[in-house]
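These are the residues of each chain, in order.
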Amino acid sequence: MPATSARSLVFDLFGDYIRYAGEAIGLAALCELLAPFGVSPEAARTVMTRLRSEGWFESEKDGRTVTYILSPRAVAMLDEGRDRIFNRDTSPWDGRWHLAVYQVPEQQRKTREALRKRLTFLGYGSLAPSTWLSARDQSAHVSAVVRDLSLSKEGLHITQMVAHTAGDGGDRELARRCWQLDEINGQYEQWLTEWTPVIKRVRAKKLSGPNALVTRVNLVRSFRSFPFFDPELPADLLPTPWHGIAAYRTFMDAHRSLEGEATAWFYSVFARTQRQTVALP
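Quick caveat: nothing in here was measured; it's all calculated off a predicted structure.

Caption draft 1: Geometry of the layout of surface pockets. For the largest pocket, the calculated volume is near 960 Å³. As for the largest pocket, its lining consists of 27 residues, and the residues nearest its centre are Met77, Leu78, Gly81, Phe121 and Phe228. For the lining of the largest pocket, the secondary-structure elements that each account for two or more residues are helix 1 (3-16), helix 4 (72-86), helix 5 (109-121) and helix 9 (209-223). Here the element with the most residues in the lining of the largest pocket is helix 4; it accounts for 10 residues. For the lining of the largest pocket, the per-class residue count stands at 13 nonpolar, 3 polar and 11 charged.

Below you can see the structure in the form of structure tokens.
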């Protein structure tokens, strides 16, 4: 399995399980949890070394036993990602658009690209190259992004404002201009097609032990990309039928259905292997 996949799996396990078991785990337990996904102990050691050097984890060593602990930076990242995956704003729309207009010097290309990615993750769409808008009030999150990207430096500015369209039908047309809604809708429909057979087995309670854990993690992995391109617009602005509603409900139902078996197997490994010794890479 490529290192990037092992890296992603580590965050998946920490985000859905290890985070709630004290935010720390021994390397032996982590290796056993990753094994059903096809990740070898050597690959696990390698990816944890890299993640530790990047500041995502801290480590403690007691003899030949090593424990990895989430860093504050990793906790914040997992919290943000989990909120976007599992929580959706279904409140009625007030008809207002929230705009973010930024100025980034040409030489700050990396900063500009990072800003665009963060705005997209928050549900903003591009109305013009430097003018982005959201149907929800994300001003506090945008301000946090500004602080995180150090946009307070001279020459880097972002202005937030509120607006509304004039005339009938303008809002739906604006939504279609700023987001590829038909494409997103098609991807939700494809997800439902691919996962329906698996979810039938889940509902029939035919998955247990490591199979339940692997399926639950893969379920989240398959769904977590949607927050990166689905702005989660109010129903007033969406085409009909909108498959995202059915996909989200199906995802949440399957995730809950797998919780008991997957979590039980996780804790059986976690408790049994925590005191095993594995050399620090």
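Caption draft 2: Region of the structure containing unusual backbone geometry. Residues Thr240 and Pro241 are joined by a peptide bond in cis, for which omega reads 0°. In this model, Glu23 sits at a positive phi of 65°, which is unusual for a non-glycine residue. Note on Glu23: relative accessible area 25%, which makes it partly exposed. The residue Glu232 is not glycine, and still its phi comes out positive at about 55°. Under the relative-accessibility criterion, Glu232 is labelled buried at 12%.

Caption draft 3: Layout of the side chain of Gln138. Here Gln138 shows up in the loop between strand 6 (131-134) and helix 6 (139-148). With relative accessibility at 17%, the residue Gln138 sits in the buried group. Of note is the side chain of Gln138, whose polar atom sits 3.5 Å from the backbone oxygen of Leu122. Discounting residues that sit within four places of it in the chain, Gln138 has contacts with Leu122 and Tyr124.

Caption draft 4: How the structure looks around the sheet that holds strand 6. Within the open sheet, the 4 strands sit side by side as 5-6-4-7. Their pairing is antiparallel. For this open sheet the edge positions go to strand 5 (125-128) and strand 7 (157-163), each flanked by a neighbour on one side alone. Taking each pair of neighbouring strands and ignoring which way they run, the sheet shows an average axis angle of 30°. The sheet contact formed by strand 4 (residues 97-103) and strand 7 spans 7 bridges and is antiparallel. The residue bridging Tyr102 from the neighbouring strand is Ile158, located in strand 7. Contacts from helix 5 reach strand 4 and strand 6, with the element oriented near 170° to strand 4.

Caption draft 5: The arrangement of the environment of Ser134 in detail. Relative to the helices and strands, Ser134 is located in strand 6. Distance in space between the C-alpha atoms of Ser134 and Leu99 is 6.5 Å, their sequence separation being 35 residues. Among all residues touching Ser134, those that are not within four sequence positions of it are Arg96, Trp97, His98, Gly123 and Tyr124.

What counts as what
- Residues numbered from 1 in each chain as written.
- Predicted model: local features only at pLDDT ≥ 70, side-chain atom pairs only at ≥ 80, totals over all residues.
- Heavy atoms only, no water.
- 1 Å grid on protein atoms, 1.4 Å probe; cavity = no way out; pocket = protein on both sides within 12 Å on 5 of 7 lines; lining within 4 Å.
- Points joined across faces, edges and corners; volume = space filled by probe spheres on them.
- Helix = DSSP H or I, 4+ residues; strand = E, 2+ residues; numbered from the N terminus.
- Nonpolar A, V, L, I, M, F, W, Y, C, P; charged D, E, K, R; others polar.
- Buried < 20%, exposed > 50% of the residue type's maximum accessible area, 1.4 Å probe, protein only.
- Polar contact = N/O pair within 3.5 Å; in protein donor to acceptor, adjacent residues only side chain to side chain.
- Contact = heavy atoms within 4.5 Å.
- Pairing = 2+ DSSP bridges.
- Axes fitted to C-alpha atoms, helices over the stretch in contact; angles between N-to-C directions.

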